[in-house]
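Residue-level listing of the chains:
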Amino acid sequence: MRYILEEDYEMQIKQEIVRLLTAQDFYNSTKLKRAEQTASDQLRQYVGKRYDLPAFYDLPARDEFIVTLLIDVALYHLYSQTGMKDIPKHRDDRYQDALDWMRGVGKGEIPADLPEIKDDTGETFSEVKIWSARPPQDHKY
């Protein structure tokens, strides 16, 4: 099942532009499905090491911010098929904002309301590694 619903696009894009981008039934077009999958893959690449995205997609309530973010990325990819000079400035800005948010969340600089990855014991998984400039010492005699 797709995470983004057809009515989610109504807030982001006009019907005339929809017809120009896909030239057929917008929500069921192959181009849109590929753009949505690419957006979802981008989210997974940036955020998936820190947060449990499959668990997030299975939640009963959808996060409207993530829906908007995925739509921004998907629409950018639809526009990029028409040529880079044809992408509206606001669409490029929204795409860059979405990428900045994904990068920040992936690095842990921006908090996100997403389920965190748990390890085998049920503890929150952490990528924190402790490094030292000194070699480990063994004081066993």
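Just so it is clear, the structure is predicted and the values come from calculations on it, not from any experiment.

Caption draft 1: Representation of the nonpolar core within the structure. Counting 34 residues, the largest nonpolar core has Tyr 9, Leu 43, Ile 66, Trp 101 and Met 102 as its most contacted members. The leading source of residues in this core is helix H4 (residues 64-80), at 11 residues. Once residues within four sequence positions are removed from consideration, Trp 101 is found in contact with Leu 43, Phe 65, Ile 66, Leu 69, Ile 110 and Ala 112.

Caption draft 2: Fine view of helix H5 (residues 89-107). Taking 1.5 Å as the rise per residue, H5 with 19 residues should run 27 Å; its terminal C-alpha atoms sit 27 Å apart, in good agreement. Within two residues after H5, Gly 108 carries a phi angle of roughly 85 degrees, on the positive side.

Caption draft 3: Representation of the side chain of Gln 42 in the model. You can see Gln 42 is positioned in helix H2 (residues 30-47). If near-sequence neighbours (up to four positions away) are discounted, Gln 42 is found in contact with Val 73, His 77, Tyr 95, Leu 99 and Met 102.

Caption draft 4: Structural detail: the packing of H2 against H5. Packing of H2 against H5 brings their axes to within 8 Å, and their N-to-C directions diverge by 35 degrees. Within the contact between the two elements, H2 uses Gln 42, Leu 43, Tyr 46 and Val 47 and H5 uses Tyr 95, Leu 99, Trp 101, Met 102, Arg 103, Val 105 and Gly 106. Counted by class, the contact of H2 with H5 contains eight nonpolar, two polar and one charged residues.

Caption draft 5: Expanded view of the pattern of salt bridges. Scanning all chains against the criterion turns up eight salt bridges. Its salt-bridge partner being Arg 62, residue Asp 8 comes within 2.8 Å of it at the nearest N-O pair. With a gap of 54 residues between them, Asp 8 in the segment before helix H1 (15-22) and Arg 62 in the loop between helix H3 (53-57) and H4 connect regions that are remote in the sequence. Judged by its relative accessible area of 11%, Asp 8 falls in the buried class. Between Asp 41 and Arg 44 there is a salt bridge, with its nearest N and O atoms 3.4 Å apart. Within this pair, Asp 41 and its partner Arg 44 are both found in helix H2, separated by three residues, close to a single helical turn. For Asp 41, a relative accessible area of 27% corresponds to the partly exposed category.

Cut-off values and rules
- Residues numbered from 1 in each chain as written.
- Predicted model: local features only at pLDDT ≥ 70, side-chain atom pairs only at ≥ 80, totals over all residues.
- Heavy atoms only, no water.
- Core = buried A, V, L, I, M, F, W, Y, C linked by side-chain atoms within 4.5 Å.
- Buried < 20%, exposed > 50% of the residue type's maximum accessible area, 1.4 Å probe, protein only.
- Helix = DSSP H or I, 4+ residues; strand = E, 2+ residues; numbered from the N terminus.
- Contact = heavy atoms within 4.5 Å.
- Expected span 1.5 Å × (residues − 1).
- Axes fitted to C-alpha atoms, helices over the stretch in contact; angles between N-to-C directions.
- Nonpolar A, V, L, I, M, F, W, Y, C, P; charged D, E, K, R; others polar.
- Salt bridge = Lys/Arg side-chain N within 4 Å of Asp/Glu carboxyl O.

In short, shape yes, function no, at least from these values alone.
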